Amino acid sequence: MTLEEAIAEHVQNGDLIGIGGLSFWRKPIGLCREIIRQNKKDLTLCTFVGGIEVDMLIGANCISEIKACFVGMEIFGMAPNYRKAIESGSIKVSEESEATIALGLRASYLKVPFMPLKGIIGTDFPKVRNDIKQIVDPLGSDVQVMAVPKIDLDVAILHVPYADEYGNCNISGAVWMDDDMAKTAKKTIVTTERIVETEDIRYLPGKAQLPQQTTTAVVKLPFGAHPTSCYDKYTFDASHIQAYLNMNFEEYKKKFIHSKSHAEYLDIAGGSRMILDILL
Amino acid sequence: MTEIARDYTTDELMTVLMAREVKNDDVMIVGVATPMVWAAFTLAKVTHAPDAIYHYIMGNTFVIEPRQVSLLYLEMNTARAYRFQNSCECTLESLPSDKLTTIEFFRPAQVDQYGNTNNICIGDWKNPKIRLPGCAGIADFSGFYSRGSFLYTPRHDTRTFVPTEKLFFISGVGFPEGKPSMCGGIGPQCMITNLAYLNFDDKTRKMKIGTIHPGVDIETVKNSTGFELIVPEGVNETTPPTVEEIALLREKVDPLGIRKLEVLAGKEREDLLDQIIQKELAMVNRFPKSLSIS
């Protein structure tokens, strides 16, 4: 399956999309760029810690709502399109903490409407989230807990270093929310640095953290996480992130997103010199 | 007799003070984009807390070995783990247990006299003047820690230190209305700033001056705080860093000065960022250097 087919077939306008990775690490940027090219609309994004991918999708007007516990450009600064969109009221925010996302996905996995959480009591979260409620333990202790709702993803989009043709995926390094997203989403689209044989997956540490039965489509896309990192292949492209922040988004989109092919994108983004810089 | 350093910068003083809070049996939680905290924990690890364990939120991993602070190759540090988690486990395992004592530093955009914090927005939540990146796990964990939570900011001013009514959103719990949180933690323990070491009064739970940094006077600290700060009788001066602490920090723990990115602003910050990126790209071995524990 090609990148174009994967997005055209599996992502619909209005979907709740889970994005794997964290911050500047192992984000499925190739898939996000394709979502922008296909001009998908009205998506709700759910990601643990969002960065440039959330900012790009917001800048391209693909998003109507965001569920994330942090969206920023890390030590490089704030995410400009994210800020602008919320400050102008053009997208909705579902205020999340780490645990409301982690447990929301866990609730979906368990097929229960909510999970009890002992954090966030005393914060202003319940004031801005009318789907969160403080309740007393229904089993009779007097403990107060917060009921946080399940998060049922329509599609999970993930990038991994290794996958086989059946969709068994191995992640070197941190897994983050990727496995819970893959397990609970109705569809899971994966891009991978390398296609390997199933036998190879057996010998990689952790084997298939994402097993084939949870993967809907696999697309080979080397450097598919650029400008974010993909351990143990390459780190994030700091110069590209700086360039992103110094450019008008329309200009960025024209130059880097509407390029014709992935190869052409990598060329414009610095080519072999850039690749040698980011390779670990 | 340990020799006191004469020449140090604010970021170095703050990093050393944060390092001194770490105990040898702590699990040290390193969050996202907080190089000063990472440098502090690593300094603690190579000085007085050799057995402390890193818990990298960005890697969802537990790591024993201390390595040099890095910007580009942070994943290399976190991936050298003895335990991997997914984010759900990471979130749940960060919650205090009877087995672990946890230390985490939060950097609030706003803080009130009770140590309640805001990292969500400036202005009304529905129509914010500034949307901040978010609080990540602060909402989950601030009320929980049995060792308490720890706060820091290099911007001690009346924009950061505000009375409760000017705190636009409570996204981290301190001592709400002067009481410990319902979640069982003992509440915020200290606030380390560029001007002073602040802590909390045992009775009223309001913020008070612990010590003031060398060269700073009490009036400056009070005037830089947007609520009435408790000033105890006979406030002492903060014990400055030692020559050894400063040398370790500059030469071993964070020779590229990545921690300074948390303190600097504008052009100065951009220049340092460029410099760090260029130096790290030039490294042949991209594993940040292992540090020995003394």
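Structure shown above.
As the structure is a computational prediction, the values presented were derived from the model and not from experiment.

The rules behind these values
- Residues numbered from 1 in each chain as written.
- Chains lettered and ligands numbered in written order.
- Predicted model: local features only at pLDDT ≥ 70, side-chain atom pairs only at ≥ 80, totals over all residues.
- Heavy atoms only, no water.
- Helix = DSSP H or I, 4+ residues; strand = E, 2+ residues; numbered from the N terminus.
- Rg over C-alpha atoms; globule rule 2.2 N^0.38 Å.
- Contact = heavy atoms within 4.5 Å.
- Lys, Arg positive; Asp, Glu negative; His and termini not counted.
- Charge placed at Lys NZ, Arg CZ, Asp CG, Glu CD.
- 1 Å grid on protein atoms, 1.4 Å probe; cavity = no way out; pocket = protein on both sides within 12 Å on 5 of 7 lines; lining within 4 Å.
- Points joined across faces, edges and corners; volume = space filled by probe spheres on them.
- Axes fitted to C-alpha atoms, helices over the stretch in contact; angles between N-to-C directions.
- Parallel < 35°, antiparallel > 145°, perpendicular 65-115°, else oblique.
- Nonpolar A, V, L, I, M, F, W, Y, C, P; charged D, E, K, R; others polar.
- Pairing = 2+ DSSP bridges.
- Domains from an automatic or database assignment.

K.L.:
Any chance you could break down the overall build of chain B for me, citing the residues and the numbers?
P.N.:
Counting secondary structure elements, chain B contains 8 helices and 14 strands. Compactness check: chain B gives a C-alpha radius of gyration of 19 Å against a globular reference of 19 Å for 294 residues, within 12% of the reference. Projected onto its principal axes, the C-alpha positions of chain B cover 50 × 45 × 40 Å. Here the analysis covers contacts within chain B between residues at least 6 apart in sequence; of these, 70% occur between residues at least 24 apart. Between the averaged position of the 31 positive side-chain charges in chain B and that of its 37 negative side-chain charges there is a distance of 2 Å.

K.L.:
Account for empty space enclosed by the protein, with residues named and values stated.
P.N.:
Under the definition given, this model contains 4 cavities of 30 Å³ or more. The calculated volume of the largest cavity comes to roughly 120 Å³. Along the wall of the largest cavity there are 15 residues; nearest its centre are A:Glu74, B:Ala33, B:Thr34, B:Pro35 and B:Leu74. In this model, the second largest cavity occupies a volume close to 50 Å³. Together, A:Gly173, A:Ala174, A:Trp176, A:Tyr231, B:Met58, B:Gly59, B:Thr61, B:Glu75, B:Thr78, B:Ala79 and B:Phe84 line the second largest cavity.

K.L.:
If you had to explain the packing of helix α2 (residues 29–37) of chain A against helix α3 (residues 52–59) of chain A to someone new, which residues and values would you point to?
P.N.:
Residue and element names in this part refer to chain A. At their nearest, the axes of α2 and α3 sit 10 Å apart, and the two run at 5° to each other. By the criterion of interaxial angle, the relationship of α2 to α3 is roughly parallel. Of the residues in α3, those touching α2 at Ile29, Cys32, Arg33, Ile35 and Ile36 are Ile52, Glu53, Met56 and Leu57. Here the contact of α2 with α3 is composed, by residue class, of 7 nonpolar, no polar and 2 charged.

K.L.:
I'd like a rundown of the sheet that holds strand β7 (residues 144–149) of chain A, residues and numbers included.
P.N.:
Residue and element names in this part refer to chain A. Pairing within the open sheet is antiparallel, and its 3 strands lie in the order β5-β7-β6. Sheet topology places β5 (114–117) and β6 (133–136) at the edges, where each strand pairs with a single neighbour. Averaged over all pairs of adjacent strands, the angle between strand axes in this sheet comes to 40°, irrespective of strand direction. Strand direction decides the pairing type here: β6 and β7, joined by 4 bridges, are antiparallel. Residue pairing in the sheet places Lys133 in a bridge with Ala147 of β7. Each of β5 and β7 touches helix α5 (residues 98–110); the most contacted strand, β5, lies at about 140° to it.

K.L.:
Describe the layout of surface pockets, listing the residues and the values that go with them.
P.N.:
There is about 340 Å³ of room inside the second largest pocket. Contributing to the lining of the second largest pocket are 17 residues, with A:Lys92, A:Val93, A:Ser94, A:Val128 and B:Trp125 lying nearest its centre. Residue assignment for the lining of the second largest pocket shows that the elements contributing at least two residues are β4 (92–95) and α6 (125–128) of chain A. With 4 residues, β4(A) is the largest single contributor of residues to the lining of the second largest pocket. Split by residue class, the lining of the second largest pocket holds 6 nonpolar, 3 polar and 8 charged. Mapping the lining of the second largest pocket onto the domain boundaries places at least three of its residues in each of domain 1 (3–95 + 152–278) and domain 2 (114–149) of chain A.

K.L.:
So what about unusual backbone geometry? Which residues, and what values?
P.N.:
In this structure, A:Pro227 follows A:His226 across a cis peptide bond, with omega equal to 10°. When you line up the elements, A:Pro227 lands in the loop between β11 (217–220) and α9 (238–246). Residue A:Asp232 is bonded to the preceding A:Tyr231 through a cis peptide linkage, with omega at 5°. Structurally, the position occupied by A:Asp232 is in the loop between β11 and α9. In the Ramachandran plot, A:Trp176 falls in the positive-phi region, its phi being about 50° despite a non-glycine side chain. For A:Trp176, the location among the structural elements is in the loop between β9 (169–170) and α7 (178–184). Positive phi, close to 65°, is recorded for B:Arg205, a residue that is not glycine.

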